[in-house]
Every structure is written in structure tokens, then in C-alpha cells.
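# Examining the three-dimensional arrangement
Residue strings, one per chain:
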Amino acid sequence: MSAGLKGIRVAVIGGDERELYLIPELQKQGAYIVGVGFEKASPISGLTLVPSLHDAVGQVDVLLFPMFGTDERGVVKAKYSGSPIVLNKEVLQAIPTRVPLIIGFARPALKSATEKMGIQLVETIYLDELAILNSIPSAEGAIQMAMEATSITIHGSESFVLGLGRTGWSVARMLHGIGAHVTGVARKPQDLARAVEMGLRAVHFSDLEEEIGRAEIIFNTVPHLILDRVMLEKVARDTVIVDLASIPGGTDFEFAQLLGIKAILAPGLPGIVAPKSAGRILAQIYPQLILRHLTTMIANVQS
Ligand code: NAP
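To keep things clear, this report deals only with the structure shown in the data block. Source: prediction; values computed, not measured. Per chain, residue numbering runs from 1 following the sequence as it is written. Selection of residues for local features in this predicted model requires a pLDDT of at least 70, selection of side-chain atom pairs for listing and counting requires 80 or more, and totals for whole chains, interfaces and linings are taken over all residues. To obtain the side-chain values, all non-hydrogen atoms of the structure were included, while hydrogens and water were left out.

### A word on the nonpolar core
Nonpolar side chains in soluble globular proteins tend to be buried together. Put simply, buried Ala, Val, Leu, Ile, Met, Phe, Trp, Tyr and Cys residues joined by side-chain atoms within 4.5 Å make one nonpolar core. A 1.4 Å probe rolled over the protein chains alone gives each residue an accessible area, and that area as a share of the maximum for its type sets the label: buried under 20%, exposed over 50%, partly exposed in between. V10, I33, L64, I102, Y286 and I290 are the most contacted members of the largest nonpolar core, which has 29 residues in total. Helix and strand assignments come from DSSP, with helices taken as H or I runs of at least 4 residues and strands as E runs of at least 2, each series counted from the N terminus. Only β1 (9-13), α1 (17-28), β4 (62-64) and α12 (275-302) provide two or more residues apiece to this core. Any two residues having at least one pair of non-hydrogen atoms within 4.5 Å are treated as being in contact. Residue contacts for L64: discarding those within four places in its chain leaves V10, A11, V12, I13, L22, L26, I102 and Y286. One finds I143, V171, A186 and A195 within the second-largest nonpolar core, a separate group that totals 26 residues.

### Here we look at helix α4 (residues 108-117)
Buried within α4 we find L110, A113 and T114. For α4, the buried positions fall inside an angular range of 95° around the axis, keeping them on one side. Of the residues in α4, the exposed ones pointing more than 90 degrees away from the buried face are P108, E115 and K116. Where the residues of α4 are buried, they touch α3 (89-94), β5 (101-103) and β6 (121-123). The directions from the helix axis to the C-beta atoms are what the arc is built from.

### Let's talk about a nonpolar patch on the surface
Among the surface-exposed residues, F105, I125 and Y126 lie close enough to one another that they form a single nonpolar patch of about 280 Å² accessible area. For Y126, the position within the fold is in the loop between β6 and α5 (128-149). Patches here: salt-bridge-free residues with over 30% relative accessible area, like charges joined within 9 Å, nonpolar side chains (Val, Leu, Ile, Met, Phe, Trp, Tyr) joined within 5 Å. Each accessible area is a Shrake-Rupley estimate made with a 1.4 Å probe; only the visible protein chains count as cover when residues are assessed. Salt bridges are defined as contacts in which a side-chain nitrogen from Lys or Arg sits within 4 Å of a carboxyl oxygen from Asp or Glu.

### Quick look at the pattern of salt bridges
Counted under the stated rule, the structure contains 15 salt bridges. A salt bridge links D71 to R73; the nearest nitrogen and oxygen atoms lie 2.8 Å apart. A residue is classified by how much of its surface remains accessible, and D71, at 12% relative accessible area, is buried. Accessibility expressed as a relative area gives 60% for R73, which makes it exposed.

### Side note on the site of the ligand
Near the ligand, the surroundings consist of 21 residues, among which T167, R187, K188, A266 and L269 are the closest. Each polar contact in these results corresponds to two N or O atoms within 3.5 Å; when the atoms are within protein, one needs to be able to donate a hydrogen and the other to accept it, and residues that are neighboring in sequence are counted only if both atoms are side-chain atoms. The separation between an oxygen atom of the ligand and a polar main-chain atom of S246 is 2.9 Å. Across the complex, the protein chains shield 77% of the 910 Å² of accessible surface that the ligand would expose by itself. In this structure the site holding the ligand corresponds to the largest pocket. Breaking the shell around the ligand down by element, the ones donating at least two residues are α6 (166-177) and α11 (269-273). Amino acids are sorted into nonpolar (Ala, Val, Leu, Ile, Met, Phe, Trp, Tyr, Cys and Pro), charged (Asp, Glu, Lys and Arg) and polar (every other residue, Gly among them). Of the residues assigned to the shell around the ligand, the class counts are 11 nonpolar, 7 polar and 3 charged. Any residue with a heavy atom lying within 4 Å of a molecule or strand is counted as near it. The rule is simple: put a 1 Å grid over the protein atoms alone, call a set of points where a 1.4 Å probe fits but cannot get out a cavity, call an open set with protein on both sides within 12 Å along at least five of seven lines a pocket, and count a residue as lining if it has an atom within 4 Å of a point. Any molecule with more than half of its atoms within 2 Å of a cavity's or pocket's grid points is counted as sitting in it.

Structure, rendered in C-alpha cells:
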């Protein structure tokens with residue numbers, strides 16, 4: 001058992017099942033955890049519940065917000081909270097500058113407010129180590145959705161993966177492993193070369209319009225409108241689209257529906273399909289992240 005977080009007070013604010021697995025893991029590493037928004041969850045041993053976010057910010061060394069962050073009004077995603085938790089200006093003003101604010105995804109308003117107030121904002125969605133590990137439950141979840149939505153096996157299917165980044169590679173590799181005929185679609189020559197090396201068909205985005213008609217299942221990971229009207233016109237009507245890209249996805253869903261193409265937007269898969277694994281992934285990444293940012297803060301204060 002590592003005690004790397006001994007003596008560090010961490011506020012875990014909101015979230016979903018992932019946090020229920022994350023909290024005990026952080027406790028095992030010696031952290032003292034203050035929870036906000038867990039009144040409706042089964043009790044977690046050693047967790048100190050505080051009634052409001054405002055109460056928490058003054059008594060901890062680190063603030064941990066969920067992967068989903070907040071909505072546009074600053075309301076924190078909190079599945080087990082009895083009342084809304086709002087990250088507003090008043091709360092931000094109460095955060096001591098030594099306390100890093102760690103969050104999955106930060107909206108532009110939060111970014112500019114923390115910058116003005118000198119609060120150290122750490123956005124974890126951009127961490128490669130987290131995104132790559134999270135791509136495992138994401139890929140499994142996307143394939144599970146495709147299995148449920150199609151009447152064919154994945155094995156032998158013509159499966160297209162749009163975008164070969166951290167998530168796309170994992171989806172493509174898993175599909176390949178279970179016997180799909182995988183087409184990897186990318187724009188970088190090195191990604192196309194790697195796809196060939198892995199035994200996939202490689203298609204450049206500029207050729208997608210001519211190729212897309214072959215697809216039986218399409219997995220999109222590109223966070224831009226790739227499957228627009230022009231592209232969807234070329235897609236066979238019984239094709240299933242699983243769109244993993246962040247909301248609003250990369251598909252014109254309204255037009256797909258008009259055409260009778262089944263298109264599913266599938267955000268937040270790690271927390272939905274494998275919360276325990278996803279919580280463990282957070283527990284694997286967060287301790288080092290916390291220590292790194294606390295050290296940076298101390299160094300900044302001393303200099
Ligand atoms: P990533 O590593 O940045 O990969 C994105 C891929 O999209 C890259 O290969 C990139 O290609 C390509 N791309 C971006 N803009 C493009 C464009 N205009 N035209 C063609 N290709 C383009 O990101 P990621 O971590 O894989 O995540 C991808 C998306 O999935 C994000 O929106 C992320 O939030 C979301 N996500 C969702 C889930 C879920 O549960 N649904 C889980 C994880 C991630 P280049 O390298 O050439 O730019």
C-alpha cells in the first residue's frame with residue numbers, strides 16, 4: 001500500500017460511480033477525503049461529508065471535480081447529491097491560491113475566471129496517460145453498443161473507425177482482434193501507415209466519400225462534423241453509427257434520422273460501462289497529478 005498522499009486533504013466534489021471507487025483508493029494512499037454531493041450514495045468509510053462546496057474549499061489542499069465538469073451554469077455533475085452543487089464566482093473567490101482545482105473538462109467561462117483569480121486549473125481531459133487508459137472502457141463500451149444496435153456480428157463486419165487518435169486506435173485494435181474488417185480513416189500519413197502495419201485498411205479522409213458506402217458499422221471519434229449531409233447520403237441505410245466524439249459528436253443526427261440510419265451518440269462511456277475500472281484509472285493517475293501540482297504550488301510560493 002502506497003502512502004504517497006499522507007496528510008493531504010482532498011475534496012472530492014460530485015461525480016458518479018467512478019468517484020465511489022476513487023475515494024477509497026485515495027484513502028488507501030493516505031489522503032484525508034472530504035466529500036461534497038454524496039448524501040445519496042452508500043456510506044463510504046472514513047469519508048467526511050460537508051454540506052456545501054463553499055464549506056469544503058477552505059479546509060482542503062486540493063479540489064477534485066468530476067470528468068464531466070460542470071454544465072454551462074456551473075452546476076457540477078453529481079449523481080449522488082441531494083441538491084445542486086454550483087461552482088460559481090463566490091465559491092471561486094473562496095479558493096485559496098495554493099489549492100489546485102482539478103477537473104476533467106473546464107468550460108471557457110471557468111477557464112477565464114480561474115485565470116483572472118490566479119487559481120491553478122488542471123484539466124485532465126488533455127492528459128495522454130488518462131485518455132489512453134480511458135480509451136479501453138470507451139472502446140469496449142462502443143463495441144458493446146454496436147453489438148446491441150446491429151443484427152450482424154462484429155466478426156466479419158465492415159467496420160470503419162473515423163479518427164485514429166487515442167480512442168480511435170483502441171477501437172480499431174479491439175475490432176481487429178475480434179475479427180472485423182477494419183478500415184482506419186485518418187489524415188496523417190503516419191497514422192495511415194500504422195493502420196497498414198496493423199493489418200487494417202487505411203483510408204485518407206479525402207477519400208472517405210467514395211469509401212463510406214462499404215461500411216456496415218461506423219465508429220466516429222473525430223470531434224467535428226465529419227458525417228454531414230453529403231457524407232450521410234453515401235452511407236447505406238442499414239449502417240449503424242456509434243459516435244464517441246464529445247457532445248455534439250461528429251454526426252448530423254437529425255439528417256441521419258431522416259434517412260433512417262441508426263446513429264447513436266455515446267458520451268461518457270467509461271463511467272457508464274465500467275465505473276469500477278474507470279475509477280481505478282483515475283486512482284492510478286490522480287495521486288501523481290496531485291503531488292505534482294502541490295509541489296509546483298509550493299515552489300511558486302517560495303520563489
Ligand atoms: P485525439 O487523440 O485527439 O483523437 C482525435 C482524432 O481526431 C485524431 O486522430 C485527429 O487527427 C482526428 N481529427 C481531429 N480533427 C479532425 C478533422 N477536422 N478531420 C479529420 N480528423 C480529425 O482524441 P481522443 O482522446 O481519441 O478523443 C476523441 C474524441 O472522443 C474527443 O471528443 C473525446 O472527448 C471523445 N471521447 C469520448 C469518450 C466516450 O466515452 N464517448 C471517451 C474518450 C474520448 P489528427 O491527429 O490528424 O489531428
